[in-house]
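So you can see what is in the structure, the chains are spelled out below.
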Amino acid sequence: MEIVFATKNKNKIKEIKLLLPKKFKIFNLDEIGFKEDIIEYGKTIEENAIIKADFISNKFSIDCFADDSGLEIEALNGDPGVFSARYAGTPKNDLNNIRKVLKLISKKRNKKAQFRTVIALKTKYISKTFEGILKGTISKEIIGSNGFGYDPIFIPNGSSTTLGEFKSSMKNMISHRSIAVNKLINFLNSNKIV
Ligand code: IMP
């Protein structure tokens, strides 16, 4: 089955190619000659994933999936959520985003948070989403320098340290993204669309 992963993120492409059986031929946006940015005007993580998958599927008449992720903090009513990448403004800056979160929740007792990924699949016959959630808490300070984004302030439940101290292989075993990717793969494998 030929399918486009609507992303320009090389790490995500690499990760999914490792997980998918060889019968799936994955193309990224560069490989289909799409160089622009897709405008993510959705108000939720789901909406943005669907917008990206629909846009590429309609424009190129090809099966496609797209992902969108974010950090949702209970005491901030689910923020930064869909605004995770540019929470502290443009251009995107991970350290400023982290500092903003730490400041906003410093006086909150409830530190519960979750990372959430939604993958939207769009084929000729199927429109479907797959969700992955990783639950945890926000640390009081920045710990570790591995990963990206909010990893250095996110402590997964059951762990004594932040994702900033996790090896990438360890993070991949539990991450919101890999949970959603595995749901997509199980679906593609168990359906006759391949
Ligand atoms: P994206 O939709 O996967 O590009 O994620 C949007 C933003 O959410 C990123 O720029 C990060 O700020 C944050 N984010 C998503 N996944 C992770 C993660 O695994 N670790 C840390 N931050 C993440």
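Whatever comes next refers back to the structure up there.
Everything numeric here is computed off the predicted structure, so don't read it as measured data.

Calculation criteria
- Residues numbered from 1 in each chain as written.
- Predicted model: local features only at pLDDT ≥ 70, side-chain atom pairs only at ≥ 80, totals over all residues.
- Heavy atoms only, no water.
- Salt bridge = Lys/Arg side-chain N within 4 Å of Asp/Glu carboxyl O.
- Helix = DSSP H or I, 4+ residues; strand = E, 2+ residues; numbered from the N terminus.
- Buried < 20%, exposed > 50% of the residue type's maximum accessible area, 1.4 Å probe, protein only.
- Near = heavy atom within 4 Å.
- Polar contact = N/O pair within 3.5 Å; in protein donor to acceptor, adjacent residues only side chain to side chain.
- Areas by Shrake-Rupley, 256 points an atom, 1.4 Å probe, with all protein chains shown as cover.
- Pairing = 2+ DSSP bridges.
- Axes fitted to C-alpha atoms, helices over the stretch in contact; angles between N-to-C directions.
- Contact = heavy atoms within 4.5 Å.
- Phe/Tyr/Trp six-rings, centres within 6.5 Å; stacked < 30°, edge-to-face > 60°.
- Lys NZ or Arg CZ within 6 Å of the ring centre and 35° of its normal.

A. Representation of the pattern of salt bridges in the model. Applying the stated criterion across every chain, the model contains ten salt bridges. The partner of Glu46 in a salt bridge is Arg116, and the shortest N-O contact between them spans 2.7 Å. Separated by 70 residues along the polypeptide, Glu46 in helix 2 (residues 45-60) and Arg116 in strand 4 (residues 112-122) bring together distant segments of the chain. Measuring nitrogen to oxygen at the nearest pair gives 2.9 Å for the salt bridge that ties Lys171 to Asp151. Taken as a pair, Lys171 in helix 4 (residues 168-174) and Asp151 in the loop between strand 5 (127-138) and strand 6 (154-156) lie far apart in primary sequence, 20 residues in all. There is no split in this pair, since Lys171 and Asp151 are both buried. Via salt bridges that share partners, Glu46, Glu72, Arg116 and Glu131 belong to a single interconnected network.

B. The arrangement of the site of the ligand in detail. If you check the shell around the ligand, you find 15 residues, and the closest are Lys12, Ser69, Asp151, Lys171 and Arg177. With respect to the ligand, the side chain of Asp68 contributes an N or O atom lying 3.5 Å from an oxygen atom. Here a nitrogen atom of the ligand and a side-chain polar atom of His176 are 3.2 Å apart. The fraction of the free accessible surface of the ligand (470 Å²) that becomes covered by protein chains is 90%. Elements with a minimum of two residues in the shell around the ligand: strand 3 (64-73) and helix 5 (176-190).

C. Structural detail: the sheet that holds strand 1 (residues 2-5). The sheet built from six strands is open, its strands ordered 2-1-3-4-5-6 with mixed pairing. Each edge of the open sheet is held by one strand with a lone partner, namely strand 2 (25-27) and strand 6. If you compare each strand with its neighbour and ignore which way they point, the axes differ by 35° on average. Here strand 1 pairs with strand 3 via two bridges, running parallel. Of the residues in strand 3, the one forming a bridge with Phe5 is Phe65. Contacts from helix 2 reach strand 1, strand 3, strand 4 and strand 5 within the one sheet, and its direction differs from that of strand 3 by about 165°.

D. Looking closely at the packing of aromatic side chains. Evaluated as defined, the whole model comprises five aromatic pairs. Measuring from ring centre to ring centre gives 4.6 Å for Phe5 and Phe65, while their planes differ by 25°; the resulting arrangement is stacked. Of this pair, Phe5 sits in strand 1 while Phe65 sits in strand 3, and the two are 60 residues apart along the sequence. Phe65 carries the same exposure label as Phe5, and that label is buried. A connected cluster of aromatic rings, assembled from ring pairs, spans Phe34, Phe55 and Phe60. Cation over ring: Lys100 sits above Tyr87, and NZ or CZ is 4.1 Å from the ring centre.

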